Amino acid sequence: MRSIILSILMNLTLFLGSCQSEAQKTDNSKKMQLWYTSPANEWLEALPIGNGRLGAMIFGGVKEEQIQLNEESLWAGMPEDPYPEDVQKHYAAFQELNMEGKYEAALNYGMEHLAVSPTSIRSYEPLGELYITFDHQKSPENYRRTLDMETGIVSSTYTIDGKRYLREAFSSDKYNVIFYRFESLDGEPINSTIRFDREKDIVQSIGEGEILFVDGQVFDDPNGYDDNVDGSGEPGLHMKFASQITATLDDGSISGKENTLKIENSTGYTVIVSAATDYNLAKLNFDRNIDAKDKALKTLVGALETAYNTAKEAHTAAHSEMFNRVALSLGSPLQDTIPTDKRLDQVREGTNDNHITELFFQYGRYLLMGSSVNRAILPANLQGIWNKEMWAPWESDFHLNINLQMNYWPADQTNLSEAFIPLSNFMEKLAKNGETTAEKFIGSSGWMAHHVSNPFGRTTPSGSTKDSQMTNGYSNPLAGAWMSLSLWRHYEFTQDQDYLEQTAYPVLAGAAQFILDFLKENKKGELVTSPSYSPENAYIDPNTGKATKNTTAASMDIQIINDIFNACLKAEEIIGNKQLTSAIEKASNKLPPIKIGENGTLQEWYEDYEEVEPGHRHMSHLYALYPSNQITQATPELFKAAEKTIGRRLTYGGAGQTGWSRAWIINFFARLQKGEEGLEHIHEMMATQLSPNMFDLLGKIFQIEGNLGATAGIAEMLVQSHEEGIIRLLPALPQAWNTGKVKGLKARGNFEISMEWEAGKLKKAEILSISGGKTKILCQGKEYEIDLEKGASQVLL
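Residues numbered from 1 in each chain as written. Predicted model: local features only at pLDDT ≥ 70, side-chain atom pairs only at ≥ 80, totals over all residues. Heavy atoms only, no water.

In this section: the sheet that holds strand β34 (residues 782–788). Read from one edge of the open sheet, four strands run β28-β29-β33-β34, paired in mixed fashion. Two strands in the sheet have a free side with no partner beyond their single neighbour: β28 (719–720) and β34. Sheet topology places strand β29 (residues 726–729) next to strand β33 (residues 773–779); three bridges connect them, and they run parallel. Note on β33: the bridge partner recorded for I726 is K776. (Pairing = 2+ DSSP bridges. Helix = DSSP H or I, 4+ residues; strand = E, 2+ residues; numbered from the N terminus.)

Looking now at the sheet that holds strand β2 (residues 47–50). A sheet is described by the order of its strands in space; here seven strands give the open sequence β2-β3-β4-β5-β10-β15-β14, paired in antiparallel fashion. The sheet is open, and its two edges are formed by β2 and β14 (253–257), each paired on a single side. Put simply, the sheet's adjacent strands are angled 20° from each other on average, direction ignored. Pairing of β2 with strand β3 (residues 54–58), which is carried by four bridges, proceeds in the antiparallel orientation. Bridged to L47 within β3 is I58. (Axes fitted to C-alpha atoms, helices over the stretch in contact; angles between N-to-C directions.)

Side-chain pairs of opposite charge can arise where the charged atoms are in close proximity. Applying the stated criterion across every chain, the model contains 41 salt bridges. Between E104 and K546 there is a salt bridge, with the nearest N and O atoms lying 2.6 Å from each other. In this pair, E104 sits in helix α4 (residues 103–113) while K546 sits in the loop between β24 (539–540) and β25 (547–548), placing the two residues 442 residues apart along the sequence. We classify K546 as partly exposed; its relative accessible area is 44%. A salt bridge links D278 to R288, with the shortest nitrogen-to-oxygen separation between them at 2.4 Å. (Salt bridge = Lys/Arg side-chain N within 4 Å of Asp/Glu carboxyl O. Buried < 20%, exposed > 50% of the residue type's maximum accessible area, 1.4 Å probe, protein only.)

Tracing the sequence through the fold places N562 in helix α15 (residues 555–575). Spatially, the C-alpha atoms of N562 and S172 are 43 Å apart, while their sequence positions differ by 390 residues. Leaving out residues up to four positions away in the same chain, N562 has contacts with L591 and Q630. Here Q630 takes part through its side chain, which lies 3.1 Å from a polar atom of the side chain of N562. (Contact = heavy atoms within 4.5 Å. Polar contact = N/O pair within 3.5 Å; in protein donor to acceptor, adjacent residues only side chain to side chain.)

This paragraph deals with the nonpolar core. Grouped burial of nonpolar side chains is what soluble globular proteins tend to show. The biggest cluster of nonpolar side chains holds 219 residues, and the ones touching the most others in it are V271, I564, F565, W664, L718, L729 and M755. Residues within four places of I564 in sequence aside, it is in contact with A481, S484, L485, L508, A511, A512 and I515. Y175, V177, I211 and A303 belong to the second largest nonpolar core, which has 13 residues in total. (Core = buried A, V, L, I, M, F, W, Y, C linked by side-chain atoms within 4.5 Å.)

Quick look at the packing of helix α3 (residues 87–99) against helix α11 (residues 420–442) now. Two elements in contact, α3 and α11, have axes whose closest approach is 6 Å; the angle formed by their N-to-C orientations is 70°. For the element pair α3 / α11, the angle class is roughly perpendicular. Contacts from V87, Q88, Y91 and Q95 of α3 reach α11 at E439, K440, F441 and I442. Class assignment of the residues belonging to the contact of α3 with α11 gives a composition of four nonpolar, two polar and two charged. (Parallel < 35°, antiparallel > 145°, perpendicular 65-115°, else oblique. Nonpolar A, V, L, I, M, F, W, Y, C, P; charged D, E, K, R; others polar.)

Residue pairs three or four apart in sequence face the same way in an α-helix, which turns once every 3.6 residues. An ideal rise of 1.5 Å per residue puts 30 Å on 21 residues; α15 measures up with 30 Å between its terminal C-alpha atoms. With 15 of its 21 residues buried, α15 lies for the most part within the structure. Residue G576 follows α15 closely and has a positive phi angle near 75°. (Expected span 1.5 Å × (residues − 1).)

Moving on, we get to the side chain of D336. Locating D336 in the fold gives a position in the loop between β19 (327–329) and α7 (340–348). Buried charged residue D336 carries no salt bridge. Nearest counter-charge: R343, at 4.1 Å. A distance of 3.2 Å separates the side chain of D336 from the side chain of W35, its partner in a polar contact. (Lys, Arg positive; Asp, Glu negative; His and termini not counted.)

Running from amino to carboxyl end, helix α8 (residues 354–372) crosses helix α20 (residues 704–718) at an angle of 125°, the nearest separation of the two axes being 8 Å. Taken together, α8 and α20 sit at an angle that is classed as oblique. The handedness of the crossing between α8 and α20 comes out as left-handed. Taken together, the residues of α20 that come into contact with α8 (itself represented by T357, F360, F361, Y363, G364, R365, L367, L368 and S371) are I704, N707, L708, A710, T711, I714 and A715. Of the residues contributing to the contact of α8 with α20, the split by class is 10 nonpolar, five polar and one charged. (Left-handed = near helix turned anticlockwise from the far one by under 90°.)

Across all of its chains, the model carries 35 aromatic pairs by this definition. For the pair Y91 and F94, a centre-to-centre distance of 6.3 Å together with 50° between the ring planes defines the contact as tilted. With Y91 and F94 both in helix α3 and three residues apart, the pair spans about one turn of that helix. Residue Y91 shares its accessibility class with F94, and that shared class is buried. (Phe/Tyr/Trp six-rings, centres within 6.5 Å; stacked < 30°, edge-to-face > 60°.)

Moving on, we get to empty space enclosed by the protein. In total, this model carries 10 cavities of 30 Å³ or more according to the counting rule given. In this model, the largest cavity occupies a volume close to 90 Å³. A553, S555, I558, Q559, P592, P593, I594, K595, Q603, W605 and Y606 are the residues that line the largest cavity. A breakdown of the residues in the lining of the largest cavity according to their chemical character gives seven nonpolar, three polar and one charged. (1 Å grid on protein atoms, 1.4 Å probe; cavity = no way out; pocket = protein on both sides within 12 Å on 5 of 7 lines; lining within 4 Å. Points joined across faces, edges and corners; volume = space filled by probe spheres on them.)

Spelled out as structure tokens, the structure:
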């Protein structure tokens, strides 16, 4: 097989010429690039590629290339949903103590009767590290390392002794492998070695066809490290995985020995990496009927039979079509002569740089594409798919109290609706798992999930310690319900009624049924949640004077319930199935209102408690402002209180603690129609919370939701559609974006928006109705009524 492949590749002589001309030209017309003048020295400088399933971080080293690899489903652990004995009895007692306001007693009771090990889960793991050496004898000149977001290709170019070299890497959707290409553009042959490394759980061998075989099985060592004090689950041999690596050569020779491939006297070659696990989404488990090694090998063989140029053209065409659906220009001249890390340095010094804001916006879209479209089976986790740690921070889990929700805020809004497919598929399975939890906890026929999950579908309370399991886990029973609203939002944008009826509504209805069964009537005759809390903040219990988290009817709970009930009512009207309508209408009338406290801010809890941390990173009681639409200009008192709430949080240091928290602030200010404040936090995020490769940081830890939430925030500053039947254009336009244009943003109702503006005024807008329908357009005091047929558009001047 190898001789056939080599013959095909050697006959593609035109390809060498095309690569040479590509390397020679200086093309500043491609603005959507991150670029640097030196290789990455650390992971947070490396550049990401991904096809949704296979991810890699490319370092671009000259004498030794490092490629850190991930496969989305490679997790430690196994399915575990621990239940304490007599859970329904003890949960009812825990609820009742909370209802009586005996919060300390409730927590103590839960610690005794409900906290159960393993309290937490095991981690997402890296596939490993690929190293490729090059026998360059001198230091490079004219080095440039680039991520072209429009093509999805990471490249490096450099010269040594006047000889030019090119490298390219991408993760292919069509062929489901990673391609890494090296070329000596002036015909200077080199020698290389290829080796793979992983900290544990693998064996390596060289097989027929000079293929490096990596065979692995996760071993969760009973005596090994556990990041969670009260346990992360059953030890033992768990998920199986495999990777195969080989290279096709234009010339020269390749040989293998032990765990290393050796390439000699070659002017060009392509490294191909395949990988697979035995994970099965349908089972939310690994599946021994899946042979990971065979699966990866079949994929590798398919890629080997394809010429590199053919694979690259297919990748570029598909990637560019999706990426280029949305284009944003904020009126700045091109000025793409400054490396990305240096541009970030200038932002830190206070320079307004509209071009890097454009890059930042599109980078979020690029990361969502790389971690949640094409080959993705699972939703993007806390790090998308890019993680180098054997035990990732927070297990790189699916965090359901803001983080996973935020990951998908920009999906429909920025014309990447495909990204919802893995999230929807996973939520259907998670809801099914959650039926058992809802039945065991309160005898409900609905479903529930708490604030942490994983590919094994955990729905029971989780926490690193038993105390955390009680306060952050047990006290957050509506995390799954909040997550289900993402599916309703997806319907609002797409207007896909089949999706609503078959996918979104069953998940929503199950969440609503659980809530109906869960609500309890208090002494005022109001329906409240018990237990409850406001993630992850604490208040001073006036009865004890102690910091306390568990409570009843925290504001966010009631706001989420309002949205769940309203979504179900609308969905049942649309699909003609009103099984919950009567019960929801009856319960809705008894829910507490959104309240304003004595200091003029929104109350975070049912009572007007004092916060332990007035500047807490979570701002959960502002859910009603964003992502919900319960607070708008149509509710002026709440609108004003929301603004004051944000000001108070910021006064005490809120937002600066995490990138995702600041991203939420950007969206809040967009909804408040305060563009200058929104831009201030975009700049602060870029200046203080981005790594050199523009990853969002929590300290020195990458968390992808900050990138994705900021992208949503920038879009929200330009187009809003959360008010029913209304689309607002340029609602939060800062002075620095005085002139610009955007194409392809989406609005609820399945409208696509393109527009231009000058001197802060709308010049032209085109509204495309993909599904057909009516809406009202509001922009800078002007109002337009449009009613379009499916596929028709209207230009507003």
